[in-house]
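# Structural description and commentary
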Amino acid sequence: MNASTITPRVHLNTLSESDKKKLAKETYAKKSYFQDVFKHDHLELECQKFSLSFRNEIQRILIEKNLVQDQVPLENLHEILSDEMKAYNFDDGVNKISTYFYETDDSFMAVYHQYIKFLRENFIREPFWFQKTATIRIHCPDAKNSHHYPRYHTDISYGHPPEEFNIWLPLTQLLTGHGFKTMSVPLSKSILEKFDYDYPKFIGAAIHERLFLSTCDALATPVSTAFGKMLAFDSRCIHTGMPLSAHTRVSIDMRILPLSQYDRMHYEYQGLGRRKILFTPGHCYHEQHSDYFLNTIGK
Ligand SMILES: [Fe+2]
């Protein structure tokens, strides 16, 4: 089956609020694809070659886009970036320096597609859709509006399909911490249960309620994935970025949707952000699935 032969789906936003909550409850009640295949809700994997390649690509693009004049270790980037580059937009938690990486170039994309091939051969043993453009984040210490973070969420609560899972890859050393925290599926479930699986209510509390924030702070675990490894996790895990204390963290994140899961989805999903992106091939996901790269890229 391919994307064009799939029966049209119901758009999630056409569901009533109570049906959305029912669906969310079902999502947390069952065993996910991720748990089924990988037997955990978090998993670390070796990918040293790609950590190094991505890091080199970021350093090259920083110079080519005239964002820095000389090459510095990415961990020290905050020392040479202007306050304006580092400051977060309080609403979406994005800083200006990261926006320069919304678009990369052919060289970066070639590495990314090799990485997709690597994932297909070594990790996900079936064809999958993948995020067309990986998200590159550059988080700096002492940046204006750092108090945007923590912003506890799941990508599902921002509109992503629960059939996805997340991949997160540090491109800097752990040093005093990556400024990234996650929770297990059981803990995430216990939290969503308290909100009767109402995602907007959960997100609202995560932004505005101090007491709820300290509960999340106590339950979430700092991610300590070493440079050279990647972290994959169940999309139901609550997670957040945190303010950085002493060094710059650069990371890449992306989402994977196995074709077997996509083909059985009953709903069409759409992001809640500014772009209102559709979670379909050719929109959020690359128009070609993993096996195109498996078969077209040389070793
Ligand atoms: Fe997220």
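This section reports on the structure supplied with the text. (Residues numbered from 1 in each chain as written. Predicted model: local features only at pLDDT ≥ 70, side-chain atom pairs only at ≥ 80, totals over all residues. Heavy atoms only, no water.)

### Some words on the nonpolar core
By size, the foremost hydrophobic cluster in this structure holds 45 residues, and its most contacted members are Phe54, Tyr115, Leu119, Phe123 and Ile167. Considering every element that reaches this core, the biggest residue donor is helix 6 (residues 106-122), with seven residues. Excluding residues that lie within four positions of it along the chain, Ile167 makes contacts with Tyr115, Leu119, Phe123, Met230, Leu231, Ala232, Ile252, Asp253, Met254 and Ile256. Formed by 20 residues, the second largest nonpolar core is a distinct cluster that contains Ile156, Phe195, Ala220 and Ile238. (Core = buried A, V, L, I, M, F, W, Y, C linked by side-chain atoms within 4.5 Å. Buried < 20%, exposed > 50% of the residue type's maximum accessible area, 1.4 Å probe, protein only. Helix = DSSP H or I, 4+ residues; strand = E, 2+ residues; numbered from the N terminus. Contact = heavy atoms within 4.5 Å.)

### Quick notes on unusual backbone geometry
In this structure, Pro150 follows Tyr149 across a cis peptide bond, with omega equal to 0°. Its location among the elements puts Pro150 in the loop between strand 4 (135-139) and strand 5 (165-170). One non-glycine residue, Asn66, adopts positive backbone phi at about 60°. Mapping Asn66 onto the fold places it in the loop between helix 3 (48-64) and helix 4 (83-86). Its identity is not glycine, yet Lys276 carries a phi of approximately 50°, on the positive side. Relative to the helices and strands, Lys276 is located in the loop between strand 11 (267-268) and helix 11 (290-296).

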